[in-house]
Amino acid sequence: MSVAAARDIWQHAVDAVSSERLVANVLRRDGDVLHVGARQFRLSELGTVVVVGAGKAGAGMAAAVEAVLGDELVDAKVAGWVNVPADCVRPLRRVHLHAARPAGLNEPTTDGVAGALQILRLIERMRENDLCIVLLSGGGSALLPAPLFGISLSDKQAVTRLLSQAGASIHELNTVRKQLSLVK
């Protein structure tokens, strides 16, 4: 097999799992109808479309949501906030991509807490005819760290570090994190 053929195979595999493509597989718009998986929503009957989330693929997923909805609808109805690593931030029309932690750091940060609280505020303002689209991908736990009342961020960081240093798996880390979080 040639290097070029191997590179083509690799590129096709990467393209097949791109966050934009995966979102487009479950979200599509036909005129006034928005299809989300098996559900359908009349856009003319919706208030705000709130897009929230967290994860390393969050930027691509949010960009795909905006692309599917189209500029006019996005400008008229979308409000959003997605916590992503700092190296994933890019401008979108109405979904704010928030640098919730430095690239490569798998720990909760004060920026992550600020972003998680912003997401909660967006959700709390929703009305009955609003639609919430939640985008979650790998890294979401560290990117969405809203500690429970009475637990400090430094406590949560210390627990994460201790568990990581002790060899805890990501599943074990997330099991503990969700017990310490307002969001998870």
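Scoring rules and cut-offs
Residues numbered from 1 in each chain as written. Predicted model: local features only at pLDDT ≥ 70, side-chain atom pairs only at ≥ 80, totals over all residues. Heavy atoms only, no water. Axes fitted to C-alpha atoms, helices over the stretch in contact; angles between N-to-C directions. Helix = DSSP H or I, 4+ residues; strand = E, 2+ residues; numbered from the N terminus. Parallel < 35°, antiparallel > 145°, perpendicular 65-115°, else oblique. Left-handed = near helix turned anticlockwise from the far one by under 90°. Contact = heavy atoms within 4.5 Å. Nonpolar A, V, L, I, M, F, W, Y, C, P; charged D, E, K, R; others polar. Patch = residues over 30% accessible without salt bridge, like charges linked within 9 Å, V, L, I, M, F, W, Y side chains within 5 Å. Areas by Shrake-Rupley, 256 points an atom, 1.4 Å probe, with all protein chains shown as cover. Salt bridge = Lys/Arg side-chain N within 4 Å of Asp/Glu carboxyl O. Buried < 20%, exposed > 50% of the residue type's maximum accessible area, 1.4 Å probe, protein only. Expected span 1.5 Å × (residues − 1). 1 Å grid on protein atoms, 1.4 Å probe; cavity = no way out; pocket = protein on both sides within 12 Å on 5 of 7 lines; lining within 4 Å. Points joined across faces, edges and corners; volume = space filled by probe spheres on them.

Trainee: Mind showing me how you'd approach the packing of helix α7 (residues 153-165) against helix α8 (residues 170-179) here?
Mentor: Axes are the key here: two packed helices are described by the angle between their axes and the distance separating the axes. Close contact between α7 and α8 brings their axes to 10 Å; oriented N to C, the two are set at 160°. When the axis of α7 is compared with that of α8, the two are roughly antiparallel. The interaxial crossing formed by α7 with α8 has right-handed handedness. Side by side, α7 and α8 meet where Lys 156, Val 159, Thr 160, Leu 163 and Ser 164 of the first sit next to Leu 173, Val 176 and Arg 177 of the second. In the contact of α7 with α8, the residues fall into 4 nonpolar, 2 polar and 2 charged.

Trainee: Whenever I open this one, a nonpolar patch on the surface confuses me. Can you help?
Mentor: Side chains of Leu 117, Phe 149, Leu 182 and Val 183 sit close together on the surface and give an oily, nonpolar patch of about 370 Å² of accessible area. Mapped onto the fold, Phe 149 is located in the loop between α6 (140-143) and α7.

Trainee: It is not clear to me how the pattern of salt bridges should be interpreted in this structure. Could you clarify?
Mentor: One side chain can pair with another of opposite charge once the charged atoms of both are near each other. Enumeration according to the criterion identifies 6 salt bridges in this entry. In this structure, Glu 20 engages Arg 90 in a salt bridge whose closest nitrogen and oxygen atoms are separated by 3.4 Å. Taken together, the residues span a long stretch of sequence, with Glu 20 in helix α2 (residues 19-26) and Arg 90 in the loop between β5 (78-85) and β6 (95-101) at a distance of 70 residues. Look at Arg 90 and you get partly exposed, because its relative accessible area is 34%. The residue Arg 93 makes a salt bridge to Asp 71 at a minimum N-O spacing of 3.5 Å. On the criterion of sequence distance, the pair formed by Arg 93 in the loop between β5 and β6 and Asp 71 in helix α4 (residues 71-77) is long-range, its members being 22 residues apart. Judged by its relative accessible area of 47%, Asp 71 is partly exposed. One continuous salt-bridge network, built from bridges that share partners, spans Asp 71, Asp 75 and Arg 93.

Trainee: How do you make sense of the packing of α2 against helix α3 (residues 58-69) when you look at a structure like this?
Mentor: Contact pair α2 / α3: the axes reach a minimum separation of 8 Å and the direction vectors enclose 45°. The pairing of α2 with α3 is recorded here as oblique in orientation. Crossing handedness for the pair α2 and α3: right-handed. Together, Ser 19, Glu 20 and Val 23 of α2 and Gly 60, Met 61, Ala 64 and Val 65 of α3 make up the contact between the two elements. The residue makeup of the contact of α2 with α3, split by class, is 4 nonpolar, 2 polar and 1 charged.

Trainee: What should I look at first to understand helix α5 (residues 110-124) in this one?
Mentor: For an α-helix, the turn length of 3.6 residues means that residues three or four places apart are oriented alike. Taking 1.5 Å of rise per residue, the 15 residues of α5 would be expected to cover 21 Å, and the 21 Å separating its terminal C-alpha atoms lies within 8% of that figure. Among the residues making up α5, those that are buried are Gly 112, Val 113, Gly 115, Ala 116, Gln 118, Ile 119 and Leu 122. Its buried side turned inward, α5 meets β4 (49-54), β5, β6, α6 and α7.

Trainee: So what exactly am I meant to see when it comes to the layout of surface pockets here?
Mentor: Regions of empty space are outlined by a rolling probe, equal in size to a water molecule, passed over the atoms. What the largest pocket holds in volume is close to 180 Å³. Val 134, Leu 136, Leu 144, Val 183 and Lys 184 are, among the 13 residues lining the largest pocket, the residues nearest its centre. Mapped by element, the contributors of at least two residues to the lining of the largest pocket are β4, α5, β7 (131-136) and α6. Ranked by the residues each element gives to the lining of the largest pocket, the list is headed by α5, at 3 residues. Tallied by class, the residues present in the lining of the largest pocket amount to 8 nonpolar, 4 polar and 1 charged.

Function-wise, these values are silent; they only describe arrangement.
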